[in-house]
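Here's the letter readout for the chains.
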Amino acid sequence: MLPHRSATHLSPLSASDVARFSEIFDRHADSVLDGCKHMSLAAFARAIVPSATLSESRRSLYGSFFSVADRSNRGCLTKDDFIEFQSLLQLHDAAFRLPFRIAAGSNDSLDTTGLSGIAGSDKPSENYIKFRSALAFPEFSQLIDSARSEHIRAAFAKADKQNTGAVSADKIIAIVHEFAPLNPDNDIARRLELLAEESADSSLIGYPTVLALISLLSSPAKIRQAIDDIAALHKSPETTPSSAAKSHSISQDEFVSNTSLLSPLEVNILFTLAAGKSLAETATLANLNEFVDACHKSLTPQAVLDNKDRVPQTEPSSPQAKQQRSVMTEIAFQAYNFVVGAIAGGIGAAVVYPIDLVKTRMQNQRVAVVGEMMYKNSIDCFRKVIRNEGILGLYRGLGPQLVGVAPEKAIKLTVNDFVRARLTDTKTGKIKLTSELFAGAMAGASQVVFTNPLEIVKIRLQIQGELLKETAGKGAPIVRRGAVTIIKELGLLGLYKGASACLLRDVPFSAIYFSCYSHLKKDLFHEGERRLSIIDLLLAGAIAGMPAAYLTTPADVIKTRLQVVAKKGETTYSGLLDAARKIYKEEGFKAFFKGGAARVLRSSPQFGTTLMCYELIHRLVPFPGDDHKPPTSRHMDQKSDLSSQAALFYAGTALQILHDANYKFGSLNPPNTAAKKE
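Everything quoted here is computed from the prediction, not taken from an experiment.

### Section: the overall build of the chain
When its secondary structure is counted, the chain shows 28 helices and 9 strands. Of all 678 residues assigned to the chain, the portion counted as buried reaches 53%. When contacts within the chain are restricted to residue pairs at least 6 apart in sequence, long-range pairs at least 24 apart make up 75% of them. Within the structure as shown, the chain displays about 30700 Å² of accessible surface, and the carbon and sulfur contribution to it stands at 60%.

Here is the structure:
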């Protein structure tokens, strides 16, 4: 049993850590007891032994930690046991507490019988142990730390046959590998020869450098923190250390002057190994981060590395993140999304509606018509609308647009999220680009049921101003009609005139837009590493809207021509292909991109504003039970992992020292034979 369980305050794990450790447990659990998965000693060792641990004797010692994790002495671990063991590793003194618990068992102190062997040639430590019958935890932790230093000195002295205080790089690898998590076949080990090139004797590495190297590799969490501290000096207010300019070069002098976590010699070694060249005065943040990643890989259990693609990745938090909900809660959540989408869509539509009106009038303007062209360009159109119809003329047809935007945006966002969720790999949390495009396409197709009636009514209201001006003083004036009158005139089937063109526009638009938006947030603005600002969200939505809007302009031109009532003398169209053929024949290829600029100017800010408002409203007024705290930096998660895994490695070193001193640990609990193999 664990000593003084209630007195040990374990560090709480984050939700992502719990999910990660749960997945690791599920993957390695090899027995079933009372209907629940359990983990044997062998499976436990596979799940925790760092990949840098190569010797069988050292690997077998990690199985000793099983007795600490097995709180019930059943010989097998539950998922709660495994997760609590990982929580124990978060303690700042875990590296000493683990070997103490193994050696002391359920006692508050450690029997010193046979313990003096850990002191080596350290006489004061040997004498202290010899004249005491037991050691408390604080004394044990200090003495085991001193013993580690003594063993490092002894290992170096053994390798230094010439007594010069320096040894070759190949011997350094063997020494360092024993006391620090260094995988002999990674880039760090291969670059150790660079340290020899910096010494007076270019073939040897001095003792101070060895001590600094072991210290550096033993505390990768400190390296991570030091790098983040430096990176923080090169970030804007809206970025995080992990997303600061990765190509920015940092000098050794700047690094040393801005952190006290590493010694000057440790910084010198860090820069040499990270930059991959001797006497490196500078290194980029990317180089330094890659060094820490290599340390992290050496500490990560090989069994986890072998299955890294199966470990669930934490997706950037977003309003659309799906959670397990009951049927009624899910209905309430979709209703909530509907309202949020309606509000966000209404704001986005109102902001850009004048541009949309100008776009529609430009697209409806024909060359082969009786009389002269009404508008020279989009700016001329904008001016004439204000002159002839007033400011309110720019918002002609806004009412139906706002009414239609609510269901349109709601169904578009909902369908996109629904399809994405089902095409996302549940084990890796990743989605293929083709699946992203398909999800967006489905969203675009689903919205046509709302957008087509909305568009045809809106367009006829927008064109109405032109017709009123043209018929002024020419006999009976045209009576201005409202949206209700237009709907009655069109009828149900008439509301879906041009639906094929609407599909041709909305399907590729949504496919392009949602895919671009997702990748811009993740790849350009580093969502998941930090909480995106209002400007980030606005820019991501606006930039994604540019290619989506312009590339689908031809379909939008055809749709407009099909939905507008042709004036006397204008060409009429019988369908999609007929419209495309006649437009090309009469006006040329350029006609398909009429209003393209206005469409980009309208769609880009509209969708940028809409998605920005959508995500901000979710943050400000979250659905009950949803957690919208800022996402944790990947480097913060890595820092926690580095600290716990380094503690485990260090605890393994302490066990090795005790084992080499022939200290009597006692026997491990035998595996529970009642557990049934899966």
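### Some details on helix α16 (residues 285–299)
In a regular helix each residue adds 1.5 Å, so 15 residues correspond to 21 Å; α16 covers 21 Å between its end C-alpha atoms and thus fits that length. Along α16, the positions that sit buried rather than exposed are Leu-285, Leu-288, Asn-289, Phe-291, Val-292, Ala-294, Cys-295, His-296, Ser-298 and Leu-299.

### Some remarks on the packing of aromatic side chains
Counted under the stated rule, the structure contains 18 aromatic pairs. Centroid distance Phe-44 to Phe-82: 6.5 Å. Interplanar angle 90°. Geometry classified as edge-to-face. Placement of Phe-44 in helix α2 (residues 41–48) and of Phe-82 in helix α5 (residues 79–88) is noted, with a sequence separation of 38 residues between them. Grouping residues by exposure puts Phe-44 and Phe-82 together as buried. Here the aromatic cluster, defined as three or more aromatic residues joined through ring pairs, consists of Phe-25, Phe-44, Phe-66, Phe-82 and Phe-85. A cation sits over an aromatic face here: Arg-97 above Phe-137, 4.5 Å from the ring centre. If you follow Arg-132 out to its NZ or CZ, it ends over the ring of Tyr-128, 3.7 Å from the centre.

### Some remarks on the pattern of salt bridges
Opposite charge on two side chains permits pairing when their charged atoms draw close. Tallied over the entire structure, the rule returns 18 salt bridges. The closest approach of N and O atoms between Glu-23 and Arg-27, which form a salt bridge, is 2.6 Å. Here Glu-23 and its partner Arg-27 are both found in helix α1 (residues 15–28), 4 residues apart, which amounts to about one turn of the helix. The pair Glu-23 / Arg-27 is uniform in exposure class, with both members buried. Each of Arg-71, Arg-74, Asp-81 and Glu-84 takes part in one network of salt bridges that share partners.

### Here we look at the environment of Arg-561
Within the element layout of this structure, Arg-561 appears in helix α25 (residues 553–563). Linking Arg-561 and Thr-571, residues 10 residues apart in sequence, is a C-alpha distance of 9.4 Å.

### Some thoughts on the packing of helix α9 (residues 169–179) against helix α12 (residues 207–218)
Two numbers describe how α9 lies on α12: the axes approach to 10 Å, and their chain directions differ by 40°. The angle between the axes of α9 and α12 places the two elements in the oblique class. Crossing of α9 over α12 shows right-handed handedness. Note on element contacts: α12 touches α9 through Val-210, Leu-213, Ile-214, Leu-217 and Ser-218, opposite Ile-172, Ile-175, Val-176 and Phe-179. In terms of residue class, the contact of α9 with α12 is made up of 8 nonpolar, 1 polar and no charged.

### Considering the nonpolar core
One finds Phe-44, Phe-65, Phe-255 and Phe-291 to be the most contacted residues of the largest nonpolar core, which totals 84 residues. When near neighbours in sequence (up to four residues on either side) are disregarded, Phe-44 contacts Met-39, Tyr-62, Phe-65, Phe-66, Ala-69, Leu-77, Phe-82 and Phe-85. Judged by nonpolar contacts, the second largest core, of 30 residues, contains Phe-509, Ala-544, Phe-607 and Phe-623.

### Here we look at the packing of helix α23 (residues 499–524) against helix α24 (residues 534–551)
With their axes 8 Å apart at the nearest point, α23 and α24 run at an angle of 150° to one another. As far as their axial angle goes, α24 and α23 are roughly antiparallel. As for the relative orientation of α23 and α24, their crossing is right-handed in sense. Contacts from Phe-509, Ile-512, Tyr-513, Cys-516, Tyr-517, Leu-520 and Lys-521 in α23 reach Leu-537, Ala-540, Gly-541, Ile-543, Ala-544, Gly-545, Pro-547, Ala-548, Ala-549 and Leu-551 in α24.

### Quick notes on a nonpolar patch on the surface
Taken together, the side chains of Phe-338, Val-339, Ile-343, Ile-347 and Val-351 define a hydrophobic patch exposed on the protein surface, amounting to about 410 Å² of accessible area. Note on placement: Val-339 falls in helix α18 (residues 327–364).

### As for the environment of Leu-461
Following the sequence through the fold, Leu-461 ends up in helix α21 (residues 433–471). It is 9.8 Å that separates the C-alpha atoms of Leu-461 and Tyr-395, two residues lying 66 residues apart in sequence.

### Some remarks on unusual backbone geometry
A positive phi angle, close to 55°, is found at Asp-34, a residue other than glycine. Note that Asp-34 resides in the loop between β1 (31–33) and β2 (36–38). Given a relative accessible area of 74%, Asp-34 falls into the exposed group.

### Focus on helix α19 (residues 378–389)
A turn of α-helix holds 3.6 residues, and therefore any two residues three or four places apart point the same way. The first and last C-alpha atoms of α19 sit 16 Å apart over 12 residues, in line with the 16 Å expected at 1.5 Å per residue. When α19 is considered as a whole, its buried residues turn out to be Asp-380, Cys-381, Lys-384, Val-385 and Glu-389. Down the axis, α19 shows its buried residues gathered within 135° of arc, on one side only. For α19, the exposed residues lying more than 90 degrees away from the buried face are Ile-379, Arg-383 and Arg-387. Backbone geometry just downstream of α19 places Gly-390 in the positive-phi region, at approximately 80°.

### Comments concerning the confidence of the model for the chain
Per-residue confidence for the chain gives a mean pLDDT of 77; residues scoring 70 or more make up 79%. Low pLDDT, under 50, characterises residues 309–322; the predicted model gives this stretch 38 contacts beyond four residues in sequence or across chains. Across residues 666–678, confidence stays below pLDDT 50; counting only partners more than four residues off in sequence or on other chains, it has 25 contacts.

### Things to note about the environment of Thr-451
By the element assignment, Thr-451 lies in helix α21. The exposure class of Thr-451 is buried, given its relative accessible area of 2%. Note: C-alpha distance between Thr-451 and Tyr-496 (45 residues apart in sequence) is 9.2 Å. Setting aside its immediate chain neighbours within four residues, Thr-451 contacts Glu-408, Cys-502 and Asp-506.

Scoring rules and cut-offs
Residues numbered from 1 in each chain as written. Predicted model: local features only at pLDDT ≥ 70, side-chain atom pairs only at ≥ 80, totals over all residues. Heavy atoms only, no water. Helix = DSSP H or I, 4+ residues; strand = E, 2+ residues; numbered from the N terminus. Buried < 20%, exposed > 50% of the residue type's maximum accessible area, 1.4 Å probe, protein only. Contact = heavy atoms within 4.5 Å. Areas by Shrake-Rupley, 256 points an atom, 1.4 Å probe, with all protein chains shown as cover. Expected span 1.5 Å × (residues − 1). Phe/Tyr/Trp six-rings, centres within 6.5 Å; stacked < 30°, edge-to-face > 60°. Lys NZ or Arg CZ within 6 Å of the ring centre and 35° of its normal. Salt bridge = Lys/Arg side-chain N within 4 Å of Asp/Glu carboxyl O. Axes fitted to C-alpha atoms, helices over the stretch in contact; angles between N-to-C directions. Parallel < 35°, antiparallel > 145°, perpendicular 65-115°, else oblique. Left-handed = near helix turned anticlockwise from the far one by under 90°. Nonpolar A, V, L, I, M, F, W, Y, C, P; charged D, E, K, R; others polar. Core = buried A, V, L, I, M, F, W, Y, C linked by side-chain atoms within 4.5 Å. Patch = residues over 30% accessible without salt bridge, like charges linked within 9 Å, V, L, I, M, F, W, Y side chains within 5 Å. Arc of directions from axis to C-beta. pLDDT = per-residue confidence, 0-100.

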